[in-house]
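Descriptive analysis of the structure
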2 protein chains.
Amino acid sequence: MIRNIVCARKMTVMTGMFAPTFFCYKPFSSPLSSFTTSHPFSSSSINHTFPSFSLSATGTTCSLTWDDVFRISKSETAIEEDPSSYLQGFFHKVQLCNRASDKQSEFVPFIVEGRDVGFIHNRFVEHLRGFNDVFVFPNDGGPLGYYVTLHPLLKTAEERTSAVGYVVKQLGEEHIPGIRNELYPVKSSFSTPAFFSLERAAAPYFGIKAYGVHMNGYVELDGQKHLWIGKRSPTKSTYPGMLDHLVAGGLPHGIGCLENVVKECEEEAGIPRSISIKAKSVSVVSYKDIEGYRYKRDVLFCYDLTLPENFVPNNIDGEVESFKLIPVEQVAEVIRRTQFFKPNCAIVIIDFLFRHGYISLENDGYLDLLKSLRIGDWS
Amino acid sequence: MIRNIVCARKMTVMTGMFAPTFFCYKPFSSPLSSFTTSHPFSSSSINHTFPSFSLSATGTTCSLTWDDVFRISKSETAIEEDPSSYLQGFFHKVQLCNRASDKQSEFVPFIVEGRDVGFIHNRFVEHLRGFNDVFVFPNDGGPLGYYVTLHPLLKTAEERTSAVGYVVKQLGEEHIPGIRNELYPVKSSFSTPAFFSLERAAAPYFGIKAYGVHMNGYVELDGQKHLWIGKRSPTKSTYPGMLDHLVAGGLPHGIGCLENVVKECEEEAGIPRSISIKAKSVSVVSYKDIEGYRYKRDVLFCYDLTLPENFVPNNIDGEVESFKLIPVEQVAEVIRRTQFFKPNCAIVIIDFLFRHGYISLENDGYLDLLKSLRIGDWS
């Protein structure tokens, strides 16, 4: 059963993010090392019928509709049931969130109060040198080597937040695009107090761990689980028009995880507190993604919410264009065979597939794929 | 709702396994380092009313009944709801499966075809020296250092199985007690072929990874999940009279995981194939436990099975004395506050508690506890 909530319309989706940036990382080199692709929407080297995407004149945009999603989700390609290759499409989605691990050596540790809190690209470090009352650049000649830390006169969280905030503002959109005026806590681990807070857009430039909450909302109909899938607004600055699970949000400084889930449920899907408060924290995924000077180290707390059969999500904040209720098996096929989903949402749904028994142990690479869902430091 | 299937009777439970072998390991030193206990059945330093155990004259046995279980499961101790200490009882159960990690240096790598497959205690190695047509003891003077491997003339899995089997037989009950005449595969990882097969009882003496299947069977009644809990037969050679989840079994050579679940479901709980075939593989836990010359490296594939409301388990093989259906929250309390459960079953149920949202992120140590469920190499 698929519920059509908003009539899908043609829209433009950036495909720059679909560039095949494949690499092979060690934890599961065997299933990944043979990975190839020939189509920007393919995540598998196996031939199957692709939806009719309209690539634009520039080659950087294409159209994605719900019809495309359903065509893929229901297509049957018996050859792909081969347990030796079945998981490859999932591995690829994990790769998309864990790019360029070989570039880690270009980053310098960012240390506060003797604890690792981040990584800064050695060329981005040069932008910080002018602010020598905020940052210092020791080289202990010992195990740490060369690293970046805060000026010792910045002793309190408030002083640090203010001083680093000043630097971020000075560097401006040229060096740190997309300023959101939203503060993220800078921590060495989730359960310890924040050393200071940092503008959200700056987090990947300082390589700090960013915590978030991601929620799968599902309904059980006639014994079959269905996931509510959102299609992002075409005007979103990131991943416009792509697919999402039901609700997600970064975890800003000073708000609890469940409270944030409740807030995002209201804003993104119109789920009232009386329902969203029943969301359960069920797992954690993490990744580390390097792109130029940016080092994203995200830790996502996964929530599940069983929704009433008659509940229909309704986006409030304009960030979601439409929702559909899709059987879990079909969602799995879309993830496996396409890059329609925002990459980190794909990982969160793969985690759901494991926990709800949709990925069989009989498939080669089961343990490697499960391991790959927590590649980043998730302390 | 608690279903009483077999009238519980007083029985004797060994308490040797309850000796407080506490230690502090690094991944989560903070929640564990302050751990103390004063009662063999306590897993918390907080005072609460213990059930009336009858310690025997020798002090090595005591009685455990379902009444004891229910008294603990329903007791309310508000002070323990403190999120800074709530998880300590769970951490302790993980510790019980991960003892003596500081003794790892007493073990020598066991290498086959250049791959690590196990660890052998340096004094147990002395027992193998007489069999120099089976084992050799190189020292490469390089990164491997001193290690144990098989004689190069043993080329096939069959030759190795036969030769090592001969050694195990010669060493006999004196050195390898509890021979079961059941073969376990010796592998470097789950998805690779076995190098040879080894008597199950010998597995910890060679430190090989042993794979198993553990299944939680549950029923949803009025929106509340209940777990079927078994009480082991008093005549079991291991952990007699203690609590178990519904079904578990080692994974012998040559049988698939789900097939093994189906087989164990039939033998241990009388669950027909028509129901058990619906069991879902949902997670993995692992631990590494050192006790004398034994190095247990277990990897347990966790299954969930939703059972019909009217299904009542019925033990066939005599290994379970009785079953009860207990609300998950109460099972959690028993695990947290006592050592009534066979230790590795406690870990599998803690994993269930995470996946089904019974452990809140708001508790200190959430991520450390989640991490601790996979301390052993689970490749």
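Keep in mind that what you see is a predicted model, and the values were worked out from it rather than measured.

On to the overall build of chain A, then. Secondary structure summary: chain A contains 11 helices and 16 strands in total. Looking at chain A residue by residue over its 379 residues, the buried ones come to 58%. Sequence separation of 24 or more characterises 69% of the internal contacts of chain A that already satisfy a separation of 6 or more. Counting only carbon and sulfur atoms, one obtains 51% of the accessible surface of chain A, whose full area is about 15300 Å².

This paragraph deals with the relation of the copies chain A and chain B. Between the two copies, chain A and chain B, the superposition gives an RMSD of 0.0 Å; the rotation angle is 180° and the shift along the axis is 0.0 Å. When the rotation and shift are considered jointly, the pair of chain copies conforms to a two-fold rotation axis. Using C-alpha coordinates, one finds that chain A approaches the rotation axis most closely at Arg355(A), a distance of 3.4 Å. In this assembly, 100% of the residues forming the interface of chain A have copies in chain B that are likewise at the interface, indicating an isologous arrangement.

This next bit is on the sheet that holds strand E6 (residues 135-136) of chain B. Residue and element names in this part refer to chain B. Spatial strand order, E5-E4-E7-E6: four strands in an open sheet with mixed pairing. Because the sheet does not close on itself, it has two edges, and the strands there are strand E5 (115-121) and E6. The sheet contact formed by strand E4 (residues 107-112) and E5 spans six bridges and is antiparallel. Along E5, the bridge assignment pairs Pro 109 with Phe 119.

Now for the UniProt feature "domain: Nudix hydrolase" (unreviewed entry) in chain A. Those places that UniProt annotates as "domain: Nudix hydrolase" (unreviewed entry) correspond, in this numbering, to residues 210-351 of chain A. Segment residues 210-351 of chain A splits into 25% helix and 42% strand. End C-alpha atoms: 19 Å apart.

Pairing is mixed in the open sheet, where four strands are placed in the order E5-E4-E7-E6 (chain A). Strands with a single pairing partner mark the edges of an open sheet, and in this sheet they are strand E5 (115-121) and strand E6 (135-136) of chain A.

Attention now goes to the environment of Asn260(B). When you line up the elements, Asn260(B) lands in helix H7 (residues 257-269). Non-local contacts of Asn260(B), meaning those with residues more than four positions away in its chain, are made with Val213(B), Gly249(B), Gly250(B), Leu251(B), Pro252(B) and Ile255(B).

Before going further, it helps to spend a moment on the interface of chain A and chain B. Reports often express the size of an interface as the amount of accessible area lost when the parts come together. The interface of chain A with chain B comprises 25 residues on the first partner and 25 residues on the second. Contact between chain A and chain B buries roughly 2200 Å² in total, counting both sides, with carbon and sulfur atoms accounting for 62%. Summed over the shared surface of chain A and chain B, the number is zero salt bridges. The tally of links from chain A across to chain B stands at two residue pairs in polar contact (both at pLDDT 80 or more). Looking at the side of chain A that touches chain B, the elements that each hand over two or more residues are helix H7 (257-269), strand E14 (280-291), strand E15 (294-306), helix H10 (343-355) and helix H11 (366-372) of chain A. Per element, the largest residue contribution to the side of chain A that touches chain B is five residues, and it comes from E14(A). Taken together, the residues of the side of chain A that touches chain B break down into 14 nonpolar, six polar and five charged.

A few words on unusual backbone geometry. Residues and elements named next belong to chain A. Located in the positive-phi region is Glu 113, a residue other than glycine, with phi close to 50°. Tracing the backbone through its elements, the reader meets Glu 113 in the loop between strand E4 (107-112) and E5. Despite not being glycine, Asn 181 has its phi angle at roughly 55°, a positive value. Its location among the elements puts Asn 181 in the loop between helix H5 (157-175) and strand E8 (183-186).

The next point concerns the pattern of salt bridges. Scanning the entire structure with this criterion turns up 36 salt bridges over all chains. Between Glu291(A) and Arg99(A) there is a salt bridge, with the nearest N and O atoms lying 3.4 Å from each other. Placement of Glu291(A) in strand E14 and of Arg99(A) in the loop between helix H3 (88-96) and E4 is noted, with a sequence separation of 192 residues between them. The salt bridge partner of Arg71(B) is Asp68(B), with a shortest N-O separation of 3.6 Å. Residue Arg71(B) and its partner Asp68(B) are located together in helix H2 (residues 66-74), separated by three residues, close to a single helical turn. A single network of salt bridges, built from pairs that share partners, joins Arg99(A), Asp289(A) and Glu291(A).

Moving on, we come to the pairing of strand E11 (residues 224-232) of chain B. Residues and elements named next belong to chain B. Of all nine residues in E11, eight are buried, a share of seventy percent or more. Two strands pair when backbone bridges link them, and strand E10 (residues 209-221) and E11 are joined in this way by four bridges, in the antiparallel orientation. Residue pairing for E11: Glu 220 is matched across the bridge by Lys 225. In this antiparallel pair of consecutive strands, E10 and E11, the connection spans two residues, and Asp 222 shows a positive phi of 50°. For E11 and strand E16 (residues 320-327), the ladder comprises seven bridges, and the chain directions are antiparallel. Bridging from a neighbouring strand, Leu 227 pairs with Ile 326 of E16. Where E11 meets strand E12 (residues 243-244), two bridges bridge the pair, whose relative direction is antiparallel.

All names here are of chain A. The pLDDT averaged across chain A works out to 84; a share of 81% of its residues lies at or above 70. Segment residues 4-62: pLDDT under 50, and 141 contacts once partners within four positions in sequence are set aside and those in other chains are kept. Overall fold confidence (pTM) sits at 0.85, and the ipTM for the predicted complex is 0.84.

Moving on, we get to the side chain of Arg232(A). Residue and element names in this part refer to chain A. Positionally, Arg 232 belongs in strand E11 (residues 224-232). Overall, Arg 232 belongs to the buried group, its relative accessible area being 5%. At a separation of 3.0 Å, a polar atom in the side chain of Arg 232 contacts the main-chain carbonyl oxygen of Tyr 239. Of the polar contacts made by the side chain of Arg 232, one reaches the side chain of Asp 244; its length is 3.0 Å.

What counts, and at which threshold
- Per chain, residues are indexed from 1 in the order of the written sequence.
- For this description, chains carry letters from A and ligands carry numbers from 1, given in the order in which they are written.
- Where totals are concerned, whole chains, interfaces and linings use all residues; where local detail is concerned, this predicted model gives features only for residues with pLDDT of at least 70, and gives and counts side-chain atom pairs only at 80 or more.
- Heavy atoms from the whole structure form the basis of all side-chain values; hydrogens and water molecules are not counted.
- Secondary structure follows DSSP: runs of H or I at least 4 residues long count as helices, runs of E at least 2 residues long count as strands, and numbering of each begins at the N terminus.
- Accessible area is worked out with a 1.4 Å probe on protein chains only. A residue is then buried under 20% of its type maximum, exposed over 50%, and partly exposed in between.
- Contact between two residues is taken to exist if any of their heavy atoms lie within 4.5 Å; hydrogens are not considered.
- Computed by Shrake-Rupley with a 1.4 Å probe, the accessible areas treat only the displayed protein chains as cover when residues are assessed.
- Least squares is the method used to superpose the copies, on C-alpha atoms of residues holding a pLDDT of at least 70 in both.
- At least two DSSP bridges between two strands are needed for those strands to be called paired.
- UniProt positions are given in the numbering used here, feature names are shortened, and annotations may be inferred rather than shown by experiment.
- Buried area, as used here, totals the accessible surface that two parts lose on assembly, with accessibility defined by a 1.4 Å probe and the loss added over both.
- We count a salt bridge whenever a side-chain nitrogen from Lys or Arg sits within 4 Å of a carboxyl oxygen from Asp or Glu.
- Pairs of N or O atoms within 3.5 Å make up the polar contacts considered here, provided that, within protein, one atom can donate a hydrogen while the other can accept it, and that residues adjacent in sequence are counted only when both atoms are side-chain atoms.
- Throughout this entry, Asp, Glu, Lys and Arg are counted as charged residues, while Ala, Val, Leu, Ile, Met, Phe, Trp, Tyr, Cys and Pro are counted as nonpolar. The remaining residues, Gly among them, count as polar.
- Looking at any residue, its pLDDT shows the predictor's confidence there, from 0 to 100.

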